[in-house]
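Architecture and fold: a report
So the chains spell out like this:
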Amino acid sequence: MGTNCGSSAQTVCIEERQGSIVTKGKSKSHVSCGNDSLAGSVSQRACVYCGARVVLNPVTDAVHLVHGPIGCATFTWDIRGSLSSGSEMYRNSFSTDLRERDVIFGGEKKLAECIDEIVSKYRPPAIFVYSTCVVGVIGDDIIAVCKEASRVYGIDVIPVESTGFVSGNKIVGYRAAAEALLRLIRPKEGTKIKKNNTVNFLGEYNLGGEKWIVERYLREIGIEINVAFTGDSSVEALKKAPEARLNLVQCTGSMHWLASQMEKEFGIPCLDVNFFGSENIATSLRSIARFYGDDQVSKRAEELIERETSMLRPQLERYRDKLRGKRAAIYVGGAFKAMAIVRQLNELGVEVVVVGTQTGRSEEYQTLSGMLEDGTVIIDDANPAELERFLLEKKIDVMAGGVKERTLAYKLGIGFIDHNHDRKDALAGYEGALRFAREVYISACSPVWKHLRQVLPERERQ
């Protein structure tokens, strides 16, 4: 990879950001990543608290109590497109609604009263208590309040230490959520763990029912999911996580640390998997079958792959003919997701010329670079000005990203594919791959773009 804040980026980058943008093929330097966002850069990342909330929120029967001003809870209410097969408690939003008086005199009493009220009205099996920036400033001891509530009520009341100014990096929020989950699933001292032959599915949030699609595939080849972290999960199911034989990790950014801790504490190895796009699905199913070392599992996996790809291939070819030569940009949360989208777009004949992530790691950027052509811009922790510059400079036809990138793309007259955590349509599995292809086609080839880009005569512009 090569430094390329060369001509164009130097004019758009804040000087300290130049190491975070490279163009493949220009030199041998690496993209700088994993750093706190630069003050004044207007990062596309979410805050630490939001990082924790997106990981924990799909725990369906838990109460998610935000200890902070009402805005922190409001702007993360129902933050995921996660579906539930049981409880809908997670779709509510609870807040201590801290006011000026609480900032001056402290909010611990108010927090304890909120927990009392929640237990009285809802009887949840667990309460996650999120700390926000204000709580960090005034110094409320949420750990002590949660510990006392757990003792009084005999349920898990777990502090999530996600005070925002701890770091300008969303990954710190992922870590806070992972520590909370580890606290929830860790058996009591002296408890003997009964191992079984199932898998845990980490970093799967059941957006639009995606966990259920993968569950169907795995069941067909003879593997059962023990519990997903955290899509369509319950407190009771999560507590059985230590019993599984293998951890599958899909969202590496949010779950690699937890997977490594589960390997240390419970002896559960892990595999990185990805069920977005036919190539990724086939690779993942074969990896899982290879881990189990069972000929029947391998045979059923190959039969599933052959059946599904033979149905999908001709439909993708139809879109490939229409999309050939289109240029794409990707800006998503994690690098593993970015890699999956690169493979899917390549399958469709779309050239990826800009790729960025919020939380990619150095080794992931190296792998990503190996999948891209020379001249592709790779960017870590981008801001809107940087994205705008490269979307225009690279003449992008369609962008895959999240909610914050959607408005930017539309304002620039560029097609957009929603790959955000609040989407309601499943993009995983073979059916998801077909839906993704259709969305790329509809957005990139919409006739509306040529009208938006049309230069009007002078008299019509007045």
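In this report, we go over the structure that sits alongside the text. Just so you know, these numbers come straight off a predicted model, no measurement behind them. Numbers given to residues run from 1 along each chain, matching the order in which its sequence is written. Local features in this predicted model are restricted to residues of pLDDT 70 or higher, and side-chain atom pairs are both shown and tallied only at a pLDDT of 80 or more, whereas totals for entire chains, interfaces and linings draw on every residue. With hydrogens and water stripped out, all remaining heavy atoms of the structure feed into the side-chain values.

1. Digging into the sheet that holds strand E8 (residues 225-230)
Basically, it comes down to this: The pairing criterion for strands is at least two bridges between them, as found by DSSP. Strands here are runs of E lasting at least two residues and helices are runs of H or I lasting at least four, both read from the DSSP assignment and numbered beginning at the N terminus. Angles run from 0 to 180 degrees between N-to-C directions of axes, and those axes are lines fitted to C-alpha atoms, restricted for helices to the stretch in contact.
Reading across the sheet, the four strands line up as E8-E7-E9-E10 and stay open at both edges, with parallel pairing between neighbours. One side of each edge strand has no neighbouring strand; the edge strands of this open sheet are E8 and strand E10 (270-272). Averaged over neighbouring strand pairs, the angle between their axes works out to 20° when direction is ignored. Bridge analysis of strand E7 (residues 199-204) against E8 gives five bridges, and the strand direction is parallel. Note that in E8 the partner of Val199 across the bridge is Ile225.

2. Observations concerning helix H14 (residues 335-347)
Selection rule: Each helix should span, by expectation, one fewer than its residue count multiplied by 1.5 Å. For each residue, the accessible area found with a 1.4 Å probe, counting protein chains only, is set against the maximum for its type, and the residue is called buried under 20%, exposed over 50%, and partly exposed in between.
The end-to-end C-alpha distance of H14 is 18 Å, a good match for the 18 Å that 13 residues give at a rise of 1.5 Å each. Listed in full, the buried residues belonging to H14 are Ala335, Phe336, Ala338, Met339, Ala340, Ile341, Val342, Gln344 and Leu345. Following H14 by one or two positions, Gly349 has its phi on the positive side, about 80°.

3. Comments concerning the side chain of His421
Rule in force here: Whether two residues are in contact is decided by their heavy atoms: any pair within 4.5 Å suffices.
As for its placement among the helices and strands, His421 is situated in the loop between strand E15 (415-418) and helix H18 (429-444). Look at His421 and you get buried, because its relative accessible area is 18%. Beyond its immediate sequence surroundings of up to four residues, His421 is in contact with Val54, Ile79, Arg80, Gly81 and Leu207.

4. So, the pattern of salt bridges
Keep this limit in mind: A carboxyl oxygen of Asp or Glu within 4 Å of a side-chain nitrogen of Lys or Arg is what we treat as a salt bridge.
Per the stated rule, a full pass over the model turns up 25 salt bridges. A salt bridge links Arg406 to Asp418; its shortest N-O distance comes to 3.3 Å. Of this pair, Arg406 sits in helix H17 (residues 403-411) while Asp418 sits in strand E15, and the two are twelve residues apart along the sequence. Judged by its relative accessible area of 26%, Arg406 falls in the partly exposed class. Through salt bridges with shared partners, a single ionic network connects Asp78, Glu88 and Arg91.

5. Observations regarding the packing of aromatic side chains
The condition is simple: A pair of Phe, Tyr and Trp rings is counted when the ring centres sit within 6.5 Å of each other, with Trp represented by its six-membered ring. The angle between the planes then sorts it: under 30 degrees is stacked, over 60 is edge-to-face, the rest tilted. Charges are assigned to positions over rings by a cutoff of 6 Å between ring centre and Lys NZ or Arg CZ, combined with an angular limit of 35 degrees from the ring normal.
One pass over the full model with this rule turns up eight aromatic pairs. Consider the rings of Tyr410 and Trp449, whose centres lie 6.3 Å apart with planes at 20°: the pair is stacked. Of this pair, Tyr410 sits in helix H17 while Trp449 sits in helix H19 (residues 448-452); the two residues are 39 residues apart in sequence, bridging distant segments of the chain. You can call Tyr410 partly exposed: its relative accessible area is 41%. For Trp449, a relative accessible area of 9% puts it in the buried group. Three or more aromatic residues joined by ring pairs make a cluster, and in this case those are Tyr410, Phe416 and Trp449. We note Arg80 situated over the ring of Tyr205; from NZ or CZ to the ring centre the distance is 3.8 Å. The ring of Tyr319 is capped by Arg318, whose NZ or CZ atom sits 5.0 Å from the centre of that ring.

6. Digging into the sheet that holds strand E3 (residues 63-67)
Here four strands make up an open sheet; going across it, the order is E4-E3-E5-E6 and the pairing parallel. In this open sheet, the two strands that pair with only one neighbour each are strand E4 (94-95) and strand E6 (156-160). Inspection of the sheet shows strand E5 (residues 126-131) paired to E6 by five bridges, in the parallel sense. Residue pairing for E6: Ile127 is matched across the bridge by Val157. Along the sheet, helix H7 (residues 142-153) contacts E3, E5 and E6; its crossing angle with E6, the most-contacted strand, is approximately 170°.

7. What to know about the pairing of strand E9 (residues 246-249)
For the record, the criterion: When the strands point away from the viewer and the connection leading from the first strand across the helix to the second strand turns clockwise, the crossover is called right-handed.
The alternating pattern of E9 places Leu246 and Leu248 and Asn247 and Val249 on opposite faces, both of which are buried. Here E7 runs beside E9; their pairing, made up of four bridges, is parallel. Looking across to E9, one finds that Asn200 is bridged to Asn247. Here three bridges tie E9 to E10, and the two strands are oriented parallel to one another. Considered in E10, the bridge of Val249 is made with Asp272. Read as a crossover between parallel neighbours, the route from E9 over helix H11 (residues 252-266) to E10 is right-handed.

8. Notes on the packing of helix H12 (residues 278-292) against helix H13 (residues 295-323)
The following threshold applies: If an angle is under 35 degrees, it is roughly parallel; if it is over 145, roughly antiparallel; if it lies from 65 to 115, roughly perpendicular; otherwise it is oblique.
At a minimum axis distance of 9 Å, the contact between H12 and H13 shows a crossing angle of 170°. On the basis of the axis angle, H12 is roughly antiparallel to H13. Of H13, the residues touching H12 (which contributes Ser278, Ala282, Leu285, Arg286 and Ala289) are Val297, Ser298, Ala301, Glu302, Leu304, Ile305, Thr309 and Leu312.

9. Topic: a nonpolar patch on the surface
Quick reminder of the rule: Grouping into patches uses exposed residues only, defined as over 30% relative accessible area, and leaves out salt-bridged ones; the cut-off is 9 Å for like charges and 5 Å for nonpolar side chains (Val, Leu, Ile, Met, Phe, Trp, Tyr). We get accessible surface area from the Shrake-Rupley algorithm with a probe of 1.4 Å; when it comes to residues, only the shown protein chains can shield them.
Taken together, Val103, Ile104 and Phe105 make up a surface patch of nonpolar side chains, about 330 Å² in accessible area. Structurally, the position occupied by Val103 is in helix H4 (residues 100-105). On the accessibility criterion, Val103 (39% relative accessible area) is partly exposed.

10. Structural notes on H18
Counted only if it meets this: It is the directions from the helix axis to the C-beta atoms that the arc portrays.
Helix length check: H18, at 16 residues, gives a terminal C-alpha distance of 22 Å against a target of 22 Å (1.5 Å per residue), a fit within 8%. Those residues of H18 that fall on the buried side of the exposure criterion are Gly429, Tyr430, Gly432, Ala433, Phe436, Ala437, Val440, Ser443 and Ala444. Take H18 and look down its axis: the buried residues cluster within an arc of 155°, on one side only.

11. Side note on the packing of helix H2 (residues 48-56) against helix H8 (residues 170-185)
For the record, the criterion: Handedness of each helix crossing follows the sense of rotation of the near helix against the far helix: counterclockwise by less than a right angle gives left-handed, clockwise gives right-handed. Under the scheme applied here, ten amino acids are nonpolar (Ala, Val, Leu, Ile, Met, Phe, Trp, Tyr, Cys and Pro), four are charged (Asp, Glu, Lys and Arg), and all others, including Gly, are polar.
Between H2 and H8, the least distance of the axes is 6 Å, while the angle of their chain directions is 45°. Overall, the two elements H2 and H8 adopt an arrangement that is oblique. The hand of the H2/H8 crossing is right-handed. On H8, the residues that touch Val48, Gly51, Ala52, Val54, Val55 and Leu56 of H2 are Lys170, Val172, Gly173, Tyr174, Ala177, Ala180 and Leu181. Taken together, the residues of the contact of H2 with H8 sort by class into ten nonpolar, two polar and one charged.

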